[in-house]
Amino acid sequence: MTNHAVLIPSKVAAKDIDAFVRPAISASALDNGNIFTLPQKTGVAGEGEVWLAASIPTAFTGATSGCVVWMAGEPELPFATAGDNVYRGLGNIQDFYISACTVFTAFKPMVGDIITLTADALDSSTTAAYAIASNTGNYKLLWSAAVANGFTLRYLKTTYIPQASGSAIGTGRITAYQFEVMIA
Amino acid sequence: MTIKLPASVLNFAAGDTVLFDNFVDYFNHYRSENGTKQFAYIKTDKEGKPISLAQKEEALKPMLLREISKRSGVDVSSMPAEVMSTHPLVGWSVANIASQLIDAVLPSTMVEGTSAYAEIKTIGYGEAGIFDIKSRDLFAVTKVGKLGMREAELQKGYMKQVTLTPEGHMITVGVSLFRVLSGQESLADFTVKALRSIETEMTKDIYTAFATAMAALDTDATTGLKVTGYTQQDLTILAQKVSAFSGGAKPIVLGTKVALANILPEDPNYRYDLSSPFVTLGYVRTIAGIDTFEIPQIANWENPFSTYVSDSYLWIVAPGTDKLIKCVIGGAMVSHVAGQFDSALLLQNASFVKFWKAGLITSSVAASIDLS
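Residues numbered from 1 in each chain as written. Chains lettered and ligands numbered in written order. Predicted model: local features only at pLDDT ≥ 70, side-chain atom pairs only at ≥ 80, totals over all residues. Heavy atoms only, no water.

A. Quick peek at the packing of aromatic side chains. If you walk through the whole model with that rule in mind, you get 17 aromatic pairs over all chains. Between Y313 of chain B and W315 of chain B, the aromatic rings sit 5.9 Å apart at their centres with planes inclined by 10°, giving stacked as the arrangement. Taking relative accessible area as the criterion, Y313 of chain B reaches 22% and is therefore assigned partly exposed. An aromatic cluster is present here, built from Y117, Y207, F210, Y308, Y313 and W315 of chain B joined pairwise through their rings. The aromatic ring of W51 of chain A is capped on one face by R22 of chain A, whose charged end is 3.8 Å from the ring centroid. Over the face of the ring belonging to Y41 of chain B we find K43 of chain B, whose NZ or CZ atom lies 4.3 Å from the ring centre. (Phe/Tyr/Trp six-rings, centres within 6.5 Å; stacked < 30°, edge-to-face > 60°. Buried < 20%, exposed > 50% of the residue type's maximum accessible area, 1.4 Å probe, protein only. Lys NZ or Arg CZ within 6 Å of the ring centre and 35° of its normal.)

B. Geometry of the side chain of S69 of chain B. Looking at the secondary structure, you find S69 of chain B in helix α3 (residues 53-72). Taking the relative accessible area as the measure of exposure, S69 of chain B reaches 18% and is therefore buried. (Helix = DSSP H or I, 4+ residues; strand = E, 2+ residues; numbered from the N terminus.)

C. Representation of the nonpolar core. With 93 residues, the main nonpolar core has Y117, F210, L254, I263, I316, L324 and I325 of chain B as its most contacted residues. Counting residues per element, this core draws most heavily on helix α7 (residues 187-215) of chain B, which supplies 13 residues. For F210 of chain B, the contacting residues outside a window of four places in its chain are Y117, L254, W315, V317, L324 and I325 of chain B. Formed by 24 residues, the second largest nonpolar core is a distinct cluster that contains L7, A121, L122 and V181 of chain A. (Core = buried A, V, L, I, M, F, W, Y, C linked by side-chain atoms within 4.5 Å. Contact = heavy atoms within 4.5 Å.)

D. How the structure looks around the pairing of strand β2 (residues 129-133) of chain B. All names here are of chain B. Across the two faces of β2 the burial differs, with G129, F131 and I133 buried and I130 and D132 not buried at all. Relative to strand β3 (residues 160-164), β2 runs antiparallel, the two being bridged by 5 bridges. Paired with I130 across the strands is T163, a residue of β3. (Pairing = 2+ DSSP bridges.)

E. Local environment of the packing of helix α2 (residues 18-33) of chain B against α7 of chain B. Residue and element names in this part refer to chain B. As a packed pair, α2 and α7 sit with axes 11 Å apart at the nearest point and diverge in direction by 65°. By the angle between their axes, α2 is roughly perpendicular relative to α7. Considering only the axes of α2 and α7, their crossing is right-handed. In contact with F23, Y26, F27 and Y30 of α2, α7 contributes A188, D189, T191, V192, L195, R196 and E199. (Axes fitted to C-alpha atoms, helices over the stretch in contact; angles between N-to-C directions. Parallel < 35°, antiparallel > 145°, perpendicular 65-115°, else oblique. Left-handed = near helix turned anticlockwise from the far one by under 90°.)

F. Region of the structure containing the environment of L254 of chain B. With respect to the element layout, L254 of chain B can be found in strand β6 (residues 252-255). In this structure the C-alpha to C-alpha distance between L254 of chain B and V180 of chain B, which are 74 residues apart in sequence, comes to 43 Å.

What follows is the structure in structure tokens.
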């Protein structure tokens, strides 16, 4: 089974500021820690405050200065599916993702935020000095040796998120990367 | 040791546990006479005379016939054995009483041999075992200023859910109901043999999961949990690691009798007398404050007379913490006996199906010393 990204909002402005938190919906399944823009509200009846998540536009390659980037941060409730049935509360943290067309919580990363992400939120596990927005439609961050002209995270350290292994003795940690939001 | 009858057997017995209590006593007597370990069993009859295993086996026969009559609703003494042996309900009763007798003792006997490193859990028929394994990590602590900050960086830890789905295991043996009902074959003896076959296979599965996990331990000199070659210092270092990462739980050393015999003090200036455990047991009971625990050897029936548990390893575990290996037993044993005239050759087969699965599911820490 594919692992999904795990996000720890270690210290984020959105925790205390309502304006940085929005309900959103995406036509694609997302992981926590995925990034996107919120260009407009859905306009669907009953979704008065729900915003439509869209991948970073192609025009913003490495230069998202005109693009307001948001991040998925839904409380994790792992689930298992069998056919059309969804069984909540089963599975592990790396099994969790946000199903397509499901309203979820998005927050606005702000300069100075400390965010911890696992490798599945990035294009690879090869670290670099920075992580910038990918414009390839996959909602992920890209490792980058240089600061982007827009949304940029500064790599702080490689750390871990505790999770019991269950399948090997002596393991039980998911490798994670801690970042500081440098340009929001 | 007193065996507590499982709920499924008590339900089956419906208050009449005479047969099951006597079978448990017979089995304890049997394995005390056929093994190295002594179990609690009745040694004298009501008049104080010694009672043998053979006498108990004879005493079980009428009890089994009574139980067969009760279960089948057919008085098996009302007609000749050769007639009763063709009754379909009698065949069903014989097989399923044997199954229930096996279920009466099986979980307990498994726990005895593998208790230091395995947990046995009985689940319902057709179900999967679900284990919620907690992370053993602690949270990181940071220095801060003098109440100038409301919160430190948020940390979270997660449990892991692991499932274990029992697999079917089957035995089919030739049995003659006529010989059972006429007293020429001992159903008790037959049941014990089936029981020991299943017990051995299940123990092998549990041990294999354990040995495989221990073989995969990291060998890094500083952060590893596995070393090659016994020294008292290495043993103590590994025991310290296991204890420290298990919240201070007491570690013990596991191994076969042969493996444990390698544990000796670092200083060669030791002496032992004939009454010391090293002579009477074959190994020291305690080294550097760490107790030793002998794992019973398992016969490898596929390759006589080799044995299954490796004599080349010492394993250090903290049995008070989450057990390394989980084994789920899926429901009661199901069995059936073919009718006497179902086979063109008049072969009468009894089949037993038992579901179980063992696997490494843990967040505990353990260490290994390779003696080879």
